[in-house]
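What follows is the residue order along each chain.
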Amino acid sequence: MSWSCEKTIALITGANQGIGYAVAQHLVEKGTFTVLLGSRDAERGAKAAVDLDPSSEIVQAITIDVTDDASIQAAADHVAAKYGRLDVLVNNAGINNELEAYMLHLQTGATTDLEPLSLAKLRKAYHEVYEVNLFGAAAVTEAFSPLLDTAISPARIVFVSSHTGSLTLRSDSASPWHERMSRASFPIYRSSKAALNMLTLHYAAKFDSRGWKVNASCPNLTATSFTKDSGLGRPPYESAVNIVRLACLGEDGETGTCSDEKEIIGW
């Protein structure tokens, strides 16, 4: 059965909590979206969807594990069968497996560097993060591209990146970000986001002739379970603002950019 409603259909991965959930909140409030709330855990996804929309008329939970190709394809098949198209894709799912050790290290008051991982553990740690942050985003984009090709207006894709993945902010000594970004910290997470930035540029170029708007957004430090409930960062609802702006771009909107709510961020 195809979907006849002309509301904009948006899929958000990793949306049962944190920034993804806040993006869904914003879109629900706009009143012009059907929100497909992507979650790896079906039970948590269903609960989050009901919390946002008790009527189940605006928000639908979609089970999608971005590290599992069968799950991604099943989600794409479900959206194709029920809605027949997709207008907006927000690649939000992401992890940082370096945070827990870092927070514990700070709590001890240690002034030395973290103990290095064994080579086997290091490779495993890189693989875990890249599976979600990069490979998952690429696989989801590929799987849903045929549906985005039937969008009611030029499709919009938003990759949720990070200031910490910017090579410009890392290397430009004149930048106010430089002191913070030049620290030797979180190489796994940061390199995955730098790679995601290149993926953004790839898809912006690939789909430019179709008029699609493909951009990356940097939410900044946000107080979520992602930051291990450390209390650091601003509320997710604030961090979602630019992601939502990019998801709602018109035909004259930018493409191939990385930004936050204040400015364009150098790659």
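Note: the structure precedes this text.
Thresholds applied
Residues numbered from 1 in each chain as written. Predicted model: local features only at pLDDT ≥ 70, side-chain atom pairs only at ≥ 80, totals over all residues. Heavy atoms only, no water. Helix = DSSP H or I, 4+ residues; strand = E, 2+ residues; numbered from the N terminus. Rg over C-alpha atoms; globule rule 2.2 N^0.38 Å. Buried < 20%, exposed > 50% of the residue type's maximum accessible area, 1.4 Å probe, protein only. Contact = heavy atoms within 4.5 Å. Lys, Arg positive; Asp, Glu negative; His and termini not counted. Charge placed at Lys NZ, Arg CZ, Asp CG, Glu CD. Axes fitted to C-alpha atoms, helices over the stretch in contact; angles between N-to-C directions. Parallel < 35°, antiparallel > 145°, perpendicular 65-115°, else oblique. Left-handed = near helix turned anticlockwise from the far one by under 90°. Pairing = 2+ DSSP bridges. Core = buried A, V, L, I, M, F, W, Y, C linked by side-chain atoms within 4.5 Å. Phe/Tyr/Trp six-rings, centres within 6.5 Å; stacked < 30°, edge-to-face > 60°. Lys NZ or Arg CZ within 6 Å of the ring centre and 35° of its normal.

## A word on the overall build of the chain
Scanning the chain from N- to C-terminus turns up 10 helices and seven strands. What you see for the chain is a C-alpha radius of gyration of 18 Å, in line with the 18 Å of a compact globule of 267 residues. Dimensions of the chain along its principal axes, counting C-alpha atoms only, are 60 × 40 × 35 Å. In the chain, which comprises 267 residues, the proportion classed as buried is 47%. Put simply, of all contacts in the chain between residues at least 6 apart along the chain, 74% involve residues at least 24 apart. In the chain, 23 positive and 31 negative side-chain charges are present, and the distance between their average locations comes to 2 Å.

## Remarks on the packing of helix α5 (residues 119-148) against helix α8 (residues 187-206)
In contact at an axis separation of 9 Å, α5 and α8 are set at 15 degrees when each is read in the N-to-C sense. As the angle between them shows, α5 and α8 are arranged roughly parallel. Of the two elements, α5 crosses α8, and the hand of that crossing is right-handed. In contact with A125, Y126, V129, Y130, N133, L134, A137, A138, T141 and E142 of α5, α8 contributes P187, I188, Y189, S191, S192, K193, A195, L196, L199, Y203 and K206.

## A word on the environment of D252
Inspection of the secondary structure puts D252 in the loop between α10 (241-247) and β7 (258-259). The sequence separation of D252 and G211 amounts to 41 residues, and the corresponding C-alpha distance is 9.3 Å.

## Looking at the environment of E6
For E6, the position within the fold is in the segment before β1 (8-12). A relative accessible area of 57% means that E6 is categorised as exposed. Separated by 37 residues in the primary sequence, E6 and E43 place their C-alpha atoms 28 Å from one another. Beyond its immediate sequence surroundings of up to four residues, E6 is in contact with R85 and I152.

## Concerning the pairing of strand β6 (residues 213-217)
Taking burial as the measure, the five residues of β6 include five buried ones, the bulk of the element. By the alternation rule, side chains of β6 split into K213, N215 and S217 and V214 and A216, which are all buried. Here five bridges tie strand β5 (residues 156-160) to β6, and the two strands are oriented parallel to one another. Counterpart to V158 in the pairing with β6 is N215. As judged from the two bridges shared by β6 and β7, these two strands associate in the parallel manner. Each residue of the ladder has a partner; that of S217, found in β7, is S259.

## Comments concerning the nonpolar core
Of all hydrophobic cores here, the largest spans 35 residues; its most connected members are L36, L86, F144, I157, F159, L199 and V214. Elements represented by at least two residues in this core include exactly β1, α3 (69-82), α5, β5 and α8. The element that contributes the greatest number of residues to this core is α5, accounting for 10 residues. When near neighbours in sequence (up to four residues on either side) are disregarded, L86 contacts I9, A10, L11, L36, F144, L147, L148, T150 and A151. Within the second largest apolar cluster, 27 residues are counted, among which are A10, A48, A49 and L52.

## Describing the packing of aromatic side chains
Under the defined criterion, the tally for this structure stands at five aromatic pairs. Both rings, one in Y203 and one in F207, keep their centres 5.8 Å apart while their planes meet at 10 degrees; by these two values the pair is stacked. For Y203, a relative accessible area of 2% corresponds to the buried category. Classification of F207 by relative accessible area gives buried; the value is 1%. Pairwise contacts between aromatic rings join F159, Y203, F207 and W212 into one cluster. Between R210 and the ring centre of W212, over which it is positioned, the NZ or CZ distance is 5.4 Å.

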